[in-house]
Amino acid sequence: MLLLLLGIVVLHVAALVLLLVSTIVSAWAVNPNSSSDLWTNCTSINNDYRCDPADTGVWIQAVQALMILSIIFSFLSLFLFFCQLFTLQKGGRFFLTGAFQILASLFVMSGAIIYTVMNVEWVPETESYGFSYILAWVAFPLAFISGLIYVILRKRE
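Residues numbered from 1 in each chain as written. Predicted model: local features only at pLDDT ≥ 70, side-chain atom pairs only at ≥ 80, totals over all residues. Heavy atoms only, no water.

With an unreviewed UniProt entry as reference, the protein is termed Peripheral myelin protein 22, source organism Anabarilius grahami. Checking UniProt for the protein, the heading Function (unreviewed entry) contains the comment "Might be involved in growth regulation, and in myelinization in the peripheral nervous system." Taken verbatim from the UniProt record of the protein, the Sequence similarities (unreviewed entry) comment is "Belongs to the PMP-22/EMP/MP20 family." (UniProt positions renumbered as here; feature names shortened; annotations may be inferred.)

Undergrad: Help me out: how do you make sense of the UniProt feature "signal peptide" (unreviewed entry) in the protein in this one?
TA: Residues annotated by UniProt as "signal peptide" (unreviewed entry) correspond here to residues 1-29. In the segment residues 1-29, helix accounts for 79% and strand for 3%; the C-alpha atoms at its two ends are 42 Å apart. (Helix = DSSP H or I, 4+ residues; strand = E, 2+ residues; numbered from the N terminus.)

Undergrad: Would you mind going over the UniProt feature "transmembrane region" (unreviewed entry) in the protein with me for this structure?
TA: As annotated in UniProt, the feature "transmembrane region" (unreviewed entry) corresponds to residues 58-82, 94-118 and 130-153 in the numbering used here. In residues 94-118, helix accounts for 96% and strand for 0%; the two terminal C-alpha atoms are 36 Å from one another.

Undergrad: What exactly am I supposed to notice about the pairing of strand β3 (residues 40-45) here?
TA: On any regular strand, side chains alternate: one points to one face of the sheet, the next to the other face. Bridge count between strand β2 (residues 34-36) and β3: three bridges; the pairing is antiparallel. By the bridge assignment, serine 35 is partnered in β3 with cysteine 42. Here β2 folds back onto β3, and the loop between the two strands holds three residues. Looking at chain direction, β3 and strand β4 (residues 48-53) are connected through six bridges and run antiparallel. The partner of cysteine 42 across the bridge, within β4, is cysteine 51. (Pairing = 2+ DSSP bridges.)

Undergrad: I tried to follow the environment of aspartate 52 on my own but got confused; where do I start?
TA: Within the secondary structure, aspartate 52 is located in strand β4. A relative accessible area of 30% places aspartate 52 in the partly exposed class. In the structure, aspartate 52 is positioned 12 residues away from threonine 40 in sequence and 5.5 Å away in space, judged by C-alpha atoms. Setting aside its immediate chain neighbours within four residues, aspartate 52 contacts Trp39, Thr40 and Asn41. (Buried < 20%, exposed > 50% of the residue type's maximum accessible area, 1.4 Å probe, protein only. Contact = heavy atoms within 4.5 Å.)

This is how it looks when you write it as structure tokens:
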């Protein structure tokens, strides 16, 4: 049982780290001379590196909010898991923890979908998706699977 709990916590922390990295790092759209993320657009011209704030469009603010919400809900889910681990009755399920983690996964999925759809209008065709964008998509199934495991998991003695 201890090994199972350790595996679940490692899966949860992995998803949380992916969410943090994908939200913070400036690599959602990249090309050799520039990179863009949710917060800044950076360009390099003649060894001069310049970063400007991201577009103030409503859709990028929605993506920012959804990614931050996914991190908050994932943190809360981890905290709730440890609280429920010590307070839940024997045979009880971790429904609240699972619900928060599933919500976190749905938030990151929604943010990535909005970015994918609206990216065509905002980012030039010379840029491609960066690793932060890919990490956001990888974090979605990890968070969703860990949320489902929490819902299925029963507390033992």
